[in-house]
Amino acid sequence: MSPSKVSVPVTNTVEVEEQIRKELDLGSEVVTIRRNAPAATLYEDGLKERKTTIVSSGALAAYSGAKTGRSPKDKRIIEEETSKDEVWWGPVNKPASEKTWSINRERAADYLRTRDHLYIVDAYAGWDSRYRIKIRVVCARAYHALFMTNMLIRPSAEELANFGEPDFTVWNAGQFPANRNTEGMSSKTTVEINFKAMEMIILGTEYAGEMKKGIFTVMFYLMPVHHDVLTLHSSANQGVEKGDVTLFFGLSGTGKTTLSADPHRALIGDDEHCWSEHGVFNIEGGCYAKCIDLTAEKEPEIFNAIKFGSVLENVVYDPVTRVVDYSNNSITENTRCAYPIDYIPSAKIPCTADKHPSNIILLTCDASGVLPPVSKLTPEQVMYHFISGYTSKMAGTEQGVTEPEVTFSSCFGQPFLALHPMRYATMLANKMHKHSADAWLVNTGWTGSSYTAGGKRCPLKYTRAILDAIHDGSLSKADYETLPIFNLHTPTKVSGVPDSLLNPAKSWVEGPTKYNSAVKALATKFTGNFKIYQDQATSDVLKAGPQL
Ligand SMILES: Nc1ncnc2c1ncn2[C@@H]1O[C@H](COP(=O)(O)OP(=O)(O)OP(=O)(O)O)[C@@H](O)[C@H]1O
Ligand SMILES: O=C([O-])CC(=O)C(=O)O
Ligand SMILES: [Mn+2]
């Protein structure tokens, strides 16, 4: 009998190109459209873009121009009937009209129409096929296309051939400004999401992170609204033997990417996850690591992931040797690298776990140095701290932030939330109650002294030792003492960590009196911030906050 014929998928790339040509009204045949081009092709095209090079490790180094971090003040959600009663209008989501949308969308299309090369990336967001959405990115810079190829989940040849219509499309015309005279515009930059059209447009910023974080907002909307699935600004990894899942929540720079890349644990993802009734899945197909002061010694997994196919953004390198100087922050503190997640040796492909988390870690980078390196949280304390989202904004991730700045970012991801923070907090409380995870507050920021007093961040090796003690079960069995005011329970001993570091009251360089006033000052900020949630939180949760 002859073997059955293997069907080779027929690519529908020609049809997709035709569709984009029509959509953008591209009459002439001059434009080259590349759909899901391989890294090699994107390198070749990328090298023709200004200042783009290959560095010594083989990564493509590109520059994003004036904007080297996100532009939260220029983020808009279109006010339309399908989503307006769901969206959390407030500090993060500013409304823009459908009229503004149509002007800006046309402007983006007009710009893209003038390019010689256009790129289409068709790929998925969400590793669990029950929930994944089909994303199409249309952009004019090869570096943006390679970035999204790395950051989204790459379809197989067969999936690409059968991709069909996308669920959501990103039109990135970031090289071209918005018109400031357009109604609703406050600058030349706009990052606009339209839930009715299921599209996003970018004008006036080439920072690649806007694309991935825009899709994250879409997931913060779609998953809870349509699927009762909780979207999380967290990294996740899994114990190789026990299969235990840990989530690491944290705002930018708190250590999600650094700490989830643990050679002893399988990496599920470094930044964006969902928690469904089936377990946890990563939204992305890649990681976006901060590169400032990166060394092979301290972070070998990330360092070695920066190779052919990876995109470096805004780093400085030696023009002759092409060796990157990761300590150079002359362009920005927010230097980045985007690489496919399988560049991390311990990555778990597919990036899902059919288990519910055993440990929930809230990462905070406390510039005031008040919070201990680790404390064990009660269920009420988890809710209080999750809703509060206390941390410091680190320099560079947002435009205009140049040094650690105290912030309360609810759900440890306020800039990305689509719905009111209490909706996510309630979902988290229910899930934690159902699946009884242990929860911890880990301060990866200053300890024993504040940033302003010239103190230092908790050395990475100690934070890693704390995580090892959480994962081997020894920390939940340790002896604890309770710190006043915050009522945080801190272990008195952790293997591999100096005892003195564990209790900031003892390690505070300027002595206990100064420490107590620093505690009170921070507690006052917490209670001041929590006032906005007072009416929605239960009395148990309110009591779990600092008591002055
Ligand atoms: N104790 C510590 N724990 C974790 N990271 C630390 C610590 N001390 C210093 N760092 C540094 O802080 C940075 C943490 O950045 P990381 O990329 O992990 O943040 P992130 O939470 O993933 O942020 P983003 O959401 O912006 O990607 C790294 O540069 C890391 O080297
Ligand atoms: O996308 C990222 O990893 C960066 C991030 O969290 C942010 O922009 O605040
Ligand atoms: Mn990260």
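Residues numbered from 1 in each chain as written. Chains lettered and ligands numbered in written order. Predicted model: local features only at pLDDT ≥ 70, side-chain atom pairs only at ≥ 80, totals over all residues. Heavy atoms only, no water.

Where an unreviewed UniProt entry is consulted, the protein appears under the name Phosphoenolpyruvate carboxykinase (ATP), with the organism given as Zygosaccharomyces mellis. Its UniProt record, at the heading Catalytic activity (unreviewed entry), says of the protein: "oxaloacetate + ATP = phosphoenolpyruvate + ADP + CO2". Here is the UniProt Pathway (unreviewed entry) comment for the protein, exactly as written: "Carbohydrate biosynthesis; gluconeogenesis." (UniProt positions renumbered as here; feature names shortened; annotations may be inferred.)

## What about unusual backbone geometry?
Here the amide bond leading from Ile349 into Pro350 is cis, since omega sits at -5 degrees, within 30 degrees of zero. Mapped onto the secondary structure, Pro350 falls in the loop between strand E19 (336-340) and strand E20 (352-353). Located in the positive-phi region is Met198, a residue other than glycine, with phi close to 55 degrees. Looking at the element boundaries, Met198 is found in the loop between strand E9 (190-194) and strand E10 (199-203). Its relative accessible area of 18% is what places Met198 among the buried residues. A positive phi angle, near 70 degrees, is found at Ile485, a position not held by glycine. Along the chain, Ile485 falls in the loop between strand E26 (480-483) and strand E27 (488-491). With a relative accessible area of 18%, Ile485 lands in the buried category. (Helix = DSSP H or I, 4+ residues; strand = E, 2+ residues; numbered from the N terminus. Buried < 20%, exposed > 50% of the residue type's maximum accessible area, 1.4 Å probe, protein only.)

## Describing the site of ligand 2
Around ligand 2 lies a shell formed by Arg70, Lys212, Lys213, His233, Ser252, Asp271, Tyr288, Arg336, Thr397 and Phe416. In the model, an oxygen atom of ligand 2 is placed 2.5 Å from a nitrogen or oxygen of the Arg70 side chain. Contact between ligand 2 and Lys212: an oxygen atom at 3.3 Å from a side-chain N or O atom of the residue. Split by residue class, the shell around ligand 2 holds two nonpolar, three polar and five charged. Two domains each donate at least three residues to the shell around ligand 2, and these are domain 1 (16-52 + 67-227) and domain 2 (230-288 + 350-543). (Near = heavy atom within 4 Å. Polar contact = N/O pair within 3.5 Å; in protein donor to acceptor, adjacent residues only side chain to side chain. Nonpolar A, V, L, I, M, F, W, Y, C, P; charged D, E, K, R; others polar. Domains from an automatic or database assignment.)

## Let's talk about the side chain of Ser375
Tracing the backbone shows Ser375 in strand E22 (residues 374-377). The class of Ser375 is buried, set by a relative accessible area of 0%. Not counting residues within four places of it along the chain, the set of residues in contact with Ser375 comprises Ala439, Trp440, Leu441, Leu488, His489 and Thr490. (Contact = heavy atoms within 4.5 Å.)

## Section: the pattern of salt bridges
Under the defined criterion, the tally for this structure stands at 27 salt bridges. For the salt bridge of Arg113 with Asp110, the shortest nitrogen-to-oxygen distance reads 2.3 Å. Residue Arg113 and its partner Asp110 are both found in helix H3 (residues 98-113); the two are separated by three residues, about one turn of the helix. Residues joined in a network through salt bridges with shared partners are Lys212, Lys213, Lys256, Asp271, Glu272 and Glu284. (Salt bridge = Lys/Arg side-chain N within 4 Å of Asp/Glu carboxyl O.)

## So, helix H4 (residues 142-151)
Burial analysis of H4 places 10 of its 10 residues in the buried class, the great majority of the element. Burial in H4 covers these residues: Ala142, Tyr143, His144, Ala145, Leu146, Phe147, Met148, Thr149, Asn150 and Met151.

## Considering the domain arrangement of the protein
What the domain assignment lists for the protein is domain 1 (16-52 + 67-227) and domain 2 (230-288 + 350-543). A C-alpha centroid distance of 31 Å is found between domain 1 and domain 2. At the junction of the two partners, domain 1 supplies 39 residues and domain 2 supplies 36 residues. For the domain 1 and domain 2 pair, buried surface summed over both sides reaches about 3,300 Å², with 61% attributable to carbon and sulfur atoms. In terms of surface lost to domain 2, no three residues of domain 1 exceed Trp88, Trp127 and Phe220, which account for 25% of the buried area on that side. For the interface between domain 1 and domain 2, the tally reads six salt bridges. Two residues, Lys213 and Asp271, come together in a salt bridge whose shortest N-O distance is 2.6 Å. There are 25 residue pairs in polar contact (both at pLDDT 80 or more) connecting domain 1 and domain 2. Of the residues forming the side of domain 1 that touches domain 2, the biggest block, 11 residues, is contributed by helix H6 (residues 209-227). Classifying every residue of the side of domain 1 that touches domain 2 by side-chain character gives 22 nonpolar, eight polar and nine charged. (Buried area = accessible area lost by both parts, 1.4 Å probe.)

## Some details on the nonpolar core
Counting 129 residues, the largest nonpolar core has Val137, Phe249, Trp275, Leu312, Tyr339, Ile360 and Phe486 as its most contacted members. In terms of residues, this core owes the most to one element, H6, which gives nine residues. Among the nonpolar cores identified, the runner-up in size contains 23 residues, and Trp171, Ala178, Ile201 and Leu203 belong to it. (Core = buried A, V, L, I, M, F, W, Y, C linked by side-chain atoms within 4.5 Å.)

## Notes on the sheet that holds strand E1 (residues 32-35)
Read across the sheet, eight strands follow the order E1-E6-E7-E8-E10-E9-E4-E5 without closing on themselves; strand pairing throughout is mixed. The open sheet has two free edges, formed respectively by E1 and strand E5 (94-96), since each of these has just one partner strand. Averaged over all neighbouring strand pairs, the angle between strand axes comes to 20 degrees, with direction disregarded. When strand E7 (residues 133-139) meets strand E8 (residues 168-173), the two strands line up parallel, connected through five bridges. (Pairing = 2+ DSSP bridges. Axes fitted to C-alpha atoms, helices over the stretch in contact; angles between N-to-C directions.)

## Observations concerning the packing of helix H2 (residues 39-46) against H4
Following both chains from N to C, one finds H2 and H4 inclined at 155 degrees, their axes separated by 8 Å at the closest point. The pairing of H2 with H4 is recorded here as roughly antiparallel in orientation. Where H2 crosses over H4, the two elements pack in a sense that is left-handed. Counting all contacts with H2, which are made through Ala39, Leu42, Tyr43, Asp45 and Gly46, the residues of H4 involved are Ala142, Ala145, Leu146 and Thr149. Residues that form the contact of H2 with H4 fall into these classes: six nonpolar, two polar and one charged. (Parallel < 35°, antiparallel > 145°, perpendicular 65-115°, else oblique. Left-handed = near helix turned anticlockwise from the far one by under 90°.)

## Observations regarding the pairing of E7
The buried count for E7 comes to six of seven residues, which makes it a mostly enclosed element. Judged from the seven bridges that link them, strand E6 (residues 117-125) and E7 form a sheet pairing that is antiparallel. Bridge pairing links Ala123 to Ile135 in E7.

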